[in-house]
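# An overview of the molecular structure
Listed below, chain by chain, are the residues.
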Amino acid sequence: MIRYTLRCARGHQFESWFQSSSAYESQERRHLIDCPTCGSSEVERAIMAPQVIGKKGREPAQPAPGAAPAEAAASEPTSLMMAQERELRAKLKELRDHIVKNADNVGDRFPNEARKMHYGDIEHRPIYGEASPEEARSLIDEGVEVSPLPTLPEDRN
């Protein structure tokens with residue numbers, strides 16, 4: 001893993017981790033890296049001074065001349081992954097809230113209700129409820145279209 005300090009076209013600086021430098025370059029070429037502050041996908045690596053430990057005294061080596069100190073380079077760096085995770089969680093919560101608002105909660109009757117709709121025994125309508133993993137697999141094997149309702153970490157409290 002490698003950590004880069006990044007800067008967007010608007011001058012916002014943030015940090016992110018990548019599996020390798022080639023992984024960063026691939027994501028950069030495909031414009032998959034966005035600034036967590038403004039959303040710009042025009043992102044480049046900022047100048048970084050590596051922290052090299054010297055043999056004597058194990059003190060950090062001096063940064064290259066002209067390189068900005070790490071503290072000055074980034075005022076409150078934000079992790080790109082954290083920003084993306086927050087955005088994903090917000091979208092999942094929005095999806096779940098939409099389903100809860102617009103569908104009937106049939107609870108543990110979900111597998112039976114879904115089958116009845118699939119086979120035309122009752123009228124189709126949006127529903128959600130509970131099913132064990134085995135029941136869900138059985139529904140899928142029968143061709144019944146089901147999807148899990150997103151569960152977020154804060155739901156487990």
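To be clear, the structure that these remarks concern was listed above.
Presented here is an overview of the structure given in this document. (Residues numbered from 1 in each chain as written. Predicted model: local features only at pLDDT ≥ 70, side-chain atom pairs only at ≥ 80, totals over all residues. Heavy atoms only, no water.)

### What about the sheet that holds strand β3 (residues 43–45)?
Strand order across the open sheet formed by three strands is β2-β1-β3, with antiparallel pairing between neighbours. A strand with exactly one partner marks an edge of an open sheet, and here the two such strands are β2 (13–18) and β3. Across the sheet, the mean angle from the axis of one strand to that of its neighbour is 40°, orientation sign disregarded. Bridge analysis of strand β1 (residues 2–8) against β3 gives three bridges, and the strand direction is antiparallel. Bridge pairing in β3 places L6 opposite R45. The strands touched by helix α1 (residues 21–29) are β1, β2 and β3; relative to β3, the strand with the most contacts, the crossing angle is about 160°. (Pairing = 2+ DSSP bridges. Helix = DSSP H or I, 4+ residues; strand = E, 2+ residues; numbered from the N terminus. Axes fitted to C-alpha atoms, helices over the stretch in contact; angles between N-to-C directions. Contact = heavy atoms within 4.5 Å.)

### Regarding the packing of helix α4 (residues 110–118) against helix α5 (residues 133–141)
Relative to each other, α4 and α5 sit at 5°, their axes nearing to 10 Å. By the angle class used here, α4 and α5 are roughly parallel. Every residue of α5 that contacts α4 at F110, P111, A114 and R115 is listed here: E135, S138 and L139. Split by residue class, the contact of α4 with α5 holds four nonpolar, one polar and two charged. (Parallel < 35°, antiparallel > 145°, perpendicular 65-115°, else oblique. Nonpolar A, V, L, I, M, F, W, Y, C, P; charged D, E, K, R; others polar.)

### What about the packing of aromatic side chains?
Taken as a whole and assessed by the stated rule, the structure comprises one aromatic pair. Over the aromatic face of Y4 sits the side chain of R45, whose NZ or CZ is 4.8 Å from the ring centroid. (Phe/Tyr/Trp six-rings, centres within 6.5 Å; stacked < 30°, edge-to-face > 60°. Lys NZ or Arg CZ within 6 Å of the ring centre and 35° of its normal.)

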